[in-house]
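The primary structure of each chain is shown beneath.
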Amino acid sequence: DQQVKQNSPSLSVQEGRISILNCDYTNSMFDYFLWYKKYPAEGPTFLISISSIKDKNEDGRFTVFLNKSAKHLSLHIVPSQPGDSAVYFCAAPPNTGNQFYFGTGTSLTVIP
Amino acid sequence: DVKVTQSSRYLVKRTGEKVFLECVQDMDHENMFWYRQDPGLGLRLIYFSYDVKMKEKGDIPEGYSVSREKKERFSLILESASTNQTSMYLCASSLPWTGVEQYFGPGTRLTVT
């Protein structure tokens, strides 16, 4: 049972426009969410996180929004750049234990 | 700067061979993890370890075993490789608290023929 879902496997956006990547989850007990970015032939790297006590967290061009009632979070990239082309994973840790639940990833292509 | 290294970037093995994938981290992290990444399936947890000689099964442990004899090193073992174990294998490490960031190695692309 997939506890963290990314329903869009791919997304293409023009350079300079906004990229919006979506993630849904099923467990209302999750209290922390993370986004990772992965380039081909490299391991994922941490991008941005958000605690469930917040509804927004911003870091430069990257903003994550959390809608707890809808069990939905989204990552906004503004403006998108060709170097942002990568696979993006959302993840959530269970309240106990140390592992993460990862989504299936969204492959973002930013077209110059 | 956290560093997680994996012994091989690319590996080709034959069906039935025993395969060892090694992971080393230099940040004195208690937790270490092995994932596999497959198209459309995301990252799936195979095993994790929260201390030396301790291990826990993840979501897909069948066909795999692990070894953690030293804190910095976590090995993934395929006892008898099969073609359905062709995948990208990713090792990660983290501090022992829930929700903290995991640091990933570069991955090993394993092909079993």
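All values reported here derive from a predicted model rather than from experimental measurement.

**Student:** How would you explain the overall build of chain B if you had to name every residue and give the values?
**Tutor:** Each helix and strand counted, chain B has zero helices and eleven strands in total. Moving toward the C terminus, one meets the helices and strands of chain B in the order β-β-β-β-β-β-β-β-β-β-β. Here chain B has a C-alpha radius of gyration of 13 Å; the compact-globule value for 113 residues is 13 Å, and the two agree. Principal axes of the C-alpha set define a box for chain B whose edges measure 40 × 30 × 25 Å. Every one of the 113 residues in chain B was classed for burial, and the buried ones make up 47%. For chain B, the share of sequence-separated contacts (at least 6 apart) that also reach a separation of at least 24 residues comes to 55%. Summed over its atoms, the accessible surface of chain B is roughly 5,500 Å², and 50% of this surface lies on carbon and sulfur atoms. Here chain B contributes 15 positive and 15 negative side-chain charges, whose respective centroids are spaced 6 Å apart.

**Student:** I'd love a proper account of the sheet that holds strand β7 (residues 64-70) of chain B, names of residues and values included.
**Tutor:** All names here are of chain B. Read from one edge of the open sheet, four strands run β1-β3-β8-β7, paired in antiparallel fashion. Among the strands making up the open sheet, the edge pair consists of β1 (4-6) and β7. Pairwise comparison of adjacent strand axes, ignoring direction, gives a mean angle of 20 degrees for this sheet. In the sheet, strand β3 (residues 19-25) pairs with strand β8 (residues 73-78) via six bridges, with the strands oriented antiparallel. Bridging from a neighbouring strand, E22 pairs with S75 of β8.

**Student:** Explain the interface of chain A and chain B to me, and be specific about the residues and the numbers.
**Tutor:** Listed by partner, the interface residues are 20 residues for chain A and 25 residues for chain B. Of the roughly 1,700 Å² buried at the junction of chain A and chain B (both faces included), carbon and sulfur atoms supply 58%. Taken together, chain A and chain B are joined by four residue pairs in polar contact (both at pLDDT 80 or more).

**Student:** Describe the pairing of strand β9 (residues 86-92) of chain A, with residues and values.
**Tutor:** Residue and element names in this part refer to chain A. In terms of burial, β9 is largely enclosed, as six of its seven residues are buried. Bridging between strand β4 (residues 32-38) and β9 involves five bridges; their strand directions are antiparallel. Bridging across to β9, W35 finds its partner in C90. Sheet topology note: the β9/strand β11 (residues 106-111) ladder contains three bridges and is antiparallel. Looking at β11, one finds that Y88 is bridged to T106. By the bridge criterion, two bridges tie β9 to strand β10 (residues 101-102) in an arrangement that is antiparallel. The residue of β10 that forms the bridge with A91 is F102.

Parameters and conventions
- Residues numbered from 1 in each chain as written.
- Chains lettered and ligands numbered in written order.
- Predicted model: local features only at pLDDT ≥ 70, side-chain atom pairs only at ≥ 80, totals over all residues.
- Heavy atoms only, no water.
- Helix = DSSP H or I, 4+ residues; strand = E, 2+ residues; numbered from the N terminus.
- Rg over C-alpha atoms; globule rule 2.2 N^0.38 Å.
- Buried < 20%, exposed > 50% of the residue type's maximum accessible area, 1.4 Å probe, protein only.
- Contact = heavy atoms within 4.5 Å.
- Areas by Shrake-Rupley, 256 points an atom, 1.4 Å probe, with all protein chains shown as cover.
- Lys, Arg positive; Asp, Glu negative; His and termini not counted.
- Charge placed at Lys NZ, Arg CZ, Asp CG, Glu CD.
- Pairing = 2+ DSSP bridges.
- Axes fitted to C-alpha atoms, helices over the stretch in contact; angles between N-to-C directions.
- Buried area = accessible area lost by both parts, 1.4 Å probe.
- Polar contact = N/O pair within 3.5 Å; in protein donor to acceptor, adjacent residues only side chain to side chain.

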